[in-house]
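Summary of the model geometry
So the chains spell out like this:
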Amino acid sequence: MHRFKCLVEKLTLLLPAESHELFYQLFVCVIKQPDNSPVNPSIYYSFKGFENCSLSWSGRRTSAVQETNRNFMEKLTREKKSRMQFLPQHNQTAQWGTSSYLACLFIMITCLGPVLTLHAPPVTTGLRSAFSTTRTSSVVGGKQRAVTFDKLLVNIGGDFNPDTGRFRCHIPGAYYFSYSVGKFPKKMLSVILVKNGEEVQAIAYDDYCKKGRKVQSQSIMITLKTMDTVWLLLQQSSQYALYSNAGPYITFSGYLVYPDISAASNISNHLSPPGLSYPNCPPEQQYSWDRGQPQSAFSVARTSTILGQSSRQQDKPPLTFDVEYVNIRGHFNKTSGLFTCHFPGAYYFAFTVGKHPRKAVLVKLMTGRGEVQAMVFDEDTSKRREMQSQSLLLSLHHGDTVWLYSQQDEHYAVYSNQGRYTTFSGFLLYPEAERLTGPTNPDRTHL
């Protein structure tokens, strides 16, 4: 019996709790004890995981358990009569031998195969790709094209090579990339996120050439196909440089947001209006996303400047865009500049805007009827061009709208060009967040 106990304990480790009842009912009708009675009920309870019963294999039990066992035995006797007509008769002197153990194992494997399949733990699909890396030293333009890195924090999937500074896609889909770079004192800053050759995706820029040090950031989501590469390009001139130290100032991160489920995938970088072409921009191509899952993502950019008009304007028109990197499910309208929520949940939003020379910049992330959720601001009206970035998570309900608003005043402007200074991205992080959170503005006065 001790050997059987060890065997059963090992076998139950392979079975989910939901399968223990079925397993017991199968072998209790085939394997008998020497007196042809069913196997000891304590084995059954060990399967069921009754932690409070403290059943022992020697038969010592509490009075409560004895009563439970009697009820169990009466039920089992009634069930046994209906089963016996279908079962072969066993010898009264049958013993717990090797054949009994093998029979038990055979029943579990053959009869519970489908059960094991249904209750198997989640299998790693391999559709994961993410990296985050930093550089702890400065670099001057002209010496190298791609920004390389000396510290790798995360590299799930092994798709990023810090020595070359290149991410190589092995899982087609929509990827989110973000980077921050430090401006070297008395040098200009210009770092472009590129795909494959020289395809301009977005830029981090600062032409302030004085002694100050500053960090500029940029982020976008783009769709990639297998073997596409993404990297950071430093301007090939000694007038440009990146600053960093053990801090570090320079970081680069990217991760797969939604995989492409189609067999063949291509880059999507839709431009509007139709028929208008831009240099170094990939052609429009199609992707296939999983319709069975709640997915929503967009990433857009502007290639032109927008100037403030009049402070008397009452409405707050959204900032519009003419470059569409990603628009999964089509929830963002680049013509109107509005994102409309179709799947309630927690959404991540990020935007970067360029500051126009001699103008201040004030851009707000708006929701609903004009509620301000986040903003960037720079009142410097000097000649310099630089950028401002912001990001946050929002819990949205079906029908909620999100957009960017640029201050409508002649003193303000948003700068951009073909380098795409101004970008706006958002994607569903966790669906149905509204069911998991409490009130939006809980009363905290008692605290």
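Residues numbered from 1 in each chain as written. Predicted model: local features only at pLDDT ≥ 70, side-chain atom pairs only at ≥ 80, totals over all residues. Heavy atoms only, no water.

Remarks on the sheet that holds strand β5 (residues 166-168)
Strand order across the open sheet formed by five strands is β4-β5-β10-β7-β8, with antiparallel pairing between neighbours. At either margin of the open sheet sits one strand with a lone partner, and together these are β4 (160-161) and β8 (199-206). Sheet analysis places strand β7 (residues 189-195) next to β8, joined by seven bridges and oriented antiparallel. Residue pairing for β8: I192 is matched across the bridge by I203. (Pairing = 2+ DSSP bridges. Helix = DSSP H or I, 4+ residues; strand = E, 2+ residues; numbered from the N terminus.)

A closer look at the nonpolar core
Counting 77 residues, the largest nonpolar core has F177, F252, F349, L365 and F424 as its most contacted members. When residues of this core are assigned to their parent elements, the largest contribution, six residues, is made by strand β6 (residues 173-183). The residues touching F424, leaving out its near neighbours within four places in the chain, are F298, S299, V300, F321, F332, F349, A350, F351, L365, V402, W403 and L404. (Core = buried A, V, L, I, M, F, W, Y, C linked by side-chain atoms within 4.5 Å. Buried < 20%, exposed > 50% of the residue type's maximum accessible area, 1.4 Å probe, protein only. Contact = heavy atoms within 4.5 Å.)

Digging into the pattern of salt bridges
In this structure the tally under the stated criterion is two salt bridges. Note that K214 is salt-bridged to E386, the shortest N-O span being 2.5 Å. Here the residue K214 occupies a position in strand β9 (residues 214-224), and E386 occupies one in the loop between β21 (371-378) and β22 (387-396), the gap between them amounting to 172 residues. The class of E386 is buried, set by a relative accessible area of 1%. (Salt bridge = Lys/Arg side-chain N within 4 Å of Asp/Glu carboxyl O.)

Looking at the pairing of strand β19 (residues 345-355)
With ten of its eleven residues buried, β19 lies for the most part within the structure. Pairing analysis gives ten bridges linking β19 to β22, with the strands arranged antiparallel. Pairing of A350 across the sheet is with S391, part of β22. Where β19 lies against strand β24 (residues 413-415), two bridges are found, and the strand directions are antiparallel. From the neighbouring strand, K355 faces β24, where its bridge partner is V414.

Description of the packing of aromatic side chains
Summed over the entire model, instances satisfying the criterion amount to 32 aromatic pairs. For the ring pair Y176 and Y255, a centre distance of 5.7 Å and an interplane angle of 50° mean the geometry is tilted. Within this pair, whereas Y176 is found in strand β6, its partner Y255 is found in strand β12 (residues 250-259), the two being separated by 79 residues in sequence. Feature note: the residues F131, F149, F160, F167, Y175, F177, Y179 and F252 constitute an aromatic cluster, connected by ring pairs. Over the ring of W231 we find R166; its NZ or CZ atom is 4.2 Å from the centre of that ring. (Phe/Tyr/Trp six-rings, centres within 6.5 Å; stacked < 30°, edge-to-face > 60°. Lys NZ or Arg CZ within 6 Å of the ring centre and 35° of its normal.)

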